[in-house]
Amino acid sequence: MAPSRFFREACFIGGEWLPAGADFIKVDNPATGRTVGRVPKLGRNEAHTAIDAASGAFPAWRAATADERGAYCHAFHDALMDNQAALAELLTIEMGKPLAEAKAEIAYGAAFFKWFAEEARRVYGDIIPAPSANKRIIVTKEPVGVVGAITPWNFPNAMIARKAAAALASGCAIVCKPASQTPFSALAFGVIAEEIGLPKGVLNIITGSAEAIADAFCQHPALRKITFTGSTETGKLLAAKAMAGMKRVSMELGGNAPFIVFDDADLDAAIEGAIASKFRNAGQTCVCANRIYVQSGVYESFAEKMSDRMRALKVGDGLDAGVDQGPLIDEAALRKVEAHIEDATQNGAQLVTGGRRHDKGGTFFEPTLLRDVTSAMAIASEETFGPVAPLFRFDTEQEAIAMANDTEYGLAAYFYTENLARAWRVMEALEYGMVAVNEGIISTPAAPFGGVKQSGFGREGSKYGLDDYLNIKYGLIGGLGK
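Here is what the cut-offs are and how they apply
Residues numbered from 1 in each chain as written. Predicted model: local features only at pLDDT ≥ 70, side-chain atom pairs only at ≥ 80, totals over all residues. Heavy atoms only, no water. Helix = DSSP H or I, 4+ residues; strand = E, 2+ residues; numbered from the N terminus. Buried < 20%, exposed > 50% of the residue type's maximum accessible area, 1.4 Å probe, protein only. Phe/Tyr/Trp six-rings, centres within 6.5 Å; stacked < 30°, edge-to-face > 60°. Lys NZ or Arg CZ within 6 Å of the ring centre and 35° of its normal. Disulfide = S-S within 2.5 Å. Pairing = 2+ DSSP bridges. Right-handed = clockwise from strand over helix to strand, strands pointing away. Patch = residues over 30% accessible without salt bridge, like charges linked within 9 Å, V, L, I, M, F, W, Y side chains within 5 Å. Areas by Shrake-Rupley, 256 points an atom, 1.4 Å probe, with all protein chains shown as cover. Salt bridge = Lys/Arg side-chain N within 4 Å of Asp/Glu carboxyl O. Axes fitted to C-alpha atoms, helices over the stretch in contact; angles between N-to-C directions. Contact = heavy atoms within 4.5 Å. Core = buried A, V, L, I, M, F, W, Y, C linked by side-chain atoms within 4.5 Å. Parallel < 35°, antiparallel > 145°, perpendicular 65-115°, else oblique. Left-handed = near helix turned anticlockwise from the far one by under 90°. Polar contact = N/O pair within 3.5 Å; in protein donor to acceptor, adjacent residues only side chain to side chain.

Below, the discussion takes up the side chain of Asn83. The topology assignment puts Asn83 in the loop between helix 2 (66-82) and helix 3 (84-95). Taking the relative accessible area as the measure of exposure, Asn83 reaches 16% and is therefore buried.

The subject of this paragraph is the packing of aromatic side chains. Enumeration according to the criterion identifies 13 aromatic pairs in this entry. Every member of this aromatic cluster is reached through a ring pair, and the members are Phe76, Phe113 and Phe189. When the ring centre of Phe24 is taken as origin, the NZ or CZ atom of Arg38, which lies over that ring, is 4.4 Å away. The ring of Phe449 carries the charged tip of Arg162 above its face, separated from the ring centre by 4.1 Å.

Turning our eyes to something else, we now look at the state of the cysteines. In the structure shown here, the tally under the stated rule is 0 disulfides. Here Cys172 stays unpaired: no disulfide links it, and the sulfur of Cys73, its closest cysteine neighbor, is 11 Å away. For Cys172, a relative accessible area of 0% translates into the label buried.

Before going further, it helps to spend a moment on the pairing of strand 18 (residues 412-416). Among the 5 residues in strand 18, 5 count as buried, and that is most of the element. Of the two faces of strand 18, the one lined by Ala412, Tyr414 and Tyr416 and the one lined by Ala413 and Phe415 are each fully buried. As paired strands, strand 18 and strand 19 (residues 434-437) are joined by 4 bridges and run parallel to one another. Of the residues in strand 19, the one forming a bridge with Tyr414 is Ala436. Once the chain exits strand 18 it traverses helix 14 (residues 420-429) before rejoining the sheet at strand 19, and the crossover so formed is right-handed.

Together, Ile127, Ile138, Ile477 and Leu480 make up an exposed nonpolar region whose accessible area comes to about 360 Å². Among the structural elements, Ile127 can be located in strand 5 (residues 126-128). The class of Ile127 is exposed, set by a relative accessible area of 69%.

Glancing now at the sheet that holds strand 18. Within a sheet, each strand pairs with its neighbour through backbone hydrogen bonds, oriented either parallel or antiparallel. Spatially, 7 strands are ordered 14-15-16-13-12-18-19 in an open sheet, and the strand pairing comes out mixed. Of all strands in the sheet, those bounded by a partner on one side alone are strand 14 (350-353) and strand 19. Here the strands of the sheet are splayed against their neighbours by 25° on average, with no regard to which way each runs. Of the strand pairs in this sheet, strand 12 (residues 257-261) and strand 13 (residues 289-295) are connected by 5 bridges, and their pairing is parallel. Bridge pairing in strand 13 links Pro258 to Arg291. Packed on one face of the sheet, helix 9 (residues 267-279) meets strand 12, strand 13, strand 15 (368-371), strand 16 (388-394) and strand 18 and runs near 165° to strand 12. Sitting on the sheet, helix 11 (residues 331-346) touches strand 14, strand 15 and strand 16, and the angle it makes with strand 15 is about 25°.

Let us now look at the nonpolar core. By size, the foremost hydrophobic cluster in this structure holds 93 residues, and its most contacted members are Phe76, Phe113, Leu168, Ile174, Phe189, Leu203 and Ile260. A per-element tally of this core places helix 5 (residues 158-170) first, with 10 residues. What Ile174 contacts, discounting residues up to four positions off in sequence, is Val147, Ala149, Lys163, Ala164, Ala167, Leu168, Val202, Leu203 and Asn204. Ala257, Ile292, Ala303 and Ile442 belong to the second largest nonpolar core, which has 33 residues in total.

For the rest of this paragraph, the subject is the environment of Leu80. Note that Leu80 resides in helix 2. Residue class for Leu80 comes out buried when judged on its relative accessible area of 0%. Sequence-distant contacts of Leu80, defined by excluding residues within four places in its chain, comprise Leu87, Ile106, Gly109, Ala110, Phe113, Asn157, Phe189 and Ile192.

What follows covers the environment of Tyr72. With respect to the helices and strands, Tyr72 occurs in helix 2. Look at Tyr72 and you get partly exposed, because its relative accessible area is 24%. Along the backbone, Tyr72 and Leu198 are 126 residues apart, and their C-alpha atoms lie at a distance of 6.9 Å. Residue contacts for Tyr72: discarding those within four places in its chain leaves Trp61, Ile196, Gly197, Leu198 and Pro199.

One non-glycine residue, Asn438, lies in the positive phi region at around 60°. Tracing the sequence through the fold places Asn438 in the loop between strand 19 and strand 20 (452-453). Non-glycine residue Lys453 carries a positive phi angle of around 55°. For Lys453, the position within the fold is in strand 20. Owing to a relative accessible area of 36%, Lys453 belongs among the partly exposed residues under this scheme.

Moving on to the packing of helix 13 (residues 397-405) against helix 14. In contact at an axis separation of 10 Å, helix 13 and helix 14 are set at 30° when each is read in the N-to-C sense. Relative to helix 14, helix 13 is oriented roughly parallel. Note that helix 13 runs across helix 14; the crossing there is right-handed. In this structure, helix 13 contributes Glu397, Ile401 and Asn405 to the contact, and helix 14 contributes Arg422, Arg425, Val426 and Ala429.

The next thing to look at is the environment of Glu194. In this structure, Glu194 sits in helix 6 (residues 184-196). Since its relative accessible area comes to 39%, Glu194 is described here as partly exposed. Taking the C-alpha atoms as reference points, Glu194 and Asn83, 111 residues apart in sequence, are found 15 Å from one another. Leaving out residues up to four positions away in the same chain, Glu194 has contacts with Arg8, Phe12, Gly15 and Trp17. Here the side chain of Glu194 touches Trp17 through a polar contact of 3.0 Å, side chain to side chain.

Next up, the structure:
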């Protein structure tokens, strides 16, 4: 199925298209089960070819001015937005999220190109006072070189965009390896690169064996940095391999986000924030609310309002009008959701609404609300990645903070309160890389996205995100007193 010219069953290496041959990966629409298309199943050798292409393009690209690189980033932004509808449809077909969410993702991804187009002009250095009158100390920033990017299936456009935009703006060339479940949104970037005249080899998109391509990234001496978004388990393995070659790494890994509702919160706003955070992309986001803590004074009211709001959510094919929640990505995702619900209910949690595979069949699942959930249940410590909202009860602010921090992860956290002093106290006490107060959506290109603890390191977006693609060079000039 080809909704537009952006649909390519081929990889983009060195400015050329390599079509799928006898060895390919089949891509299915999770909403219908029908095959969308197929892409090449490439491996180590092709990955080396892509890295070589990027390495060959890098010297001229790094020599381009910030304005020249910024102009290409602006062109990427404009192309994404001019073709938002077609790109969103392609995204929904291969990934399943509602079309409105897909359109929002295209705009979100495009915004990174616009942001970094301007940040490219602000890669500033320093002059440091020297210890001697005949010396000068200067500090400059230079692109790290060829970058290898590995991206997940849940945001197949935006995850490529926020890595590629920073890499291109900083003067790096990049090789992108998208998830096998959703490669077509990534390959569309190759079409755009051709149409805007991006120099060949600066951007490469390769599909295939994750293990073989990741090994090539780790072993090829010309590849200097790896940026990865995915599970903590995979990230640890990848980082360990990368260290053998002393590669720069950025790791945006798993999350277990708490969503705290204090008894002084605007309850209606908290409900809407919880719905937005929990059910965006059917709960398949690393920053979605995984544990909802509600203070005792408003617990019953919150549970009732949340249940009513969830029952109004429309589940269906993302291309259908008015759909709020699409399918889960695959059968394994369904089984994990079911396992968490079964464990919780067997250990005392109460099922308020949902709890079953949807009558639409396939990988659709009912929006599910659990109450009386405790920290002893699997859903408290494991990332569900599905449309399940578990409610925990707490009494005091100190208890809420302790419960929220009782996890190995530290990506995103949310809380609702009308008390300004409490807002500052809790925000500073939460051990997370990102904290949202009275908001359910946290991501924006202007802010640094990333976590602490087992959620990884490095930042994407903002002025800090560009630093992950730059090396700091110290220069000493002597002999100036002669």
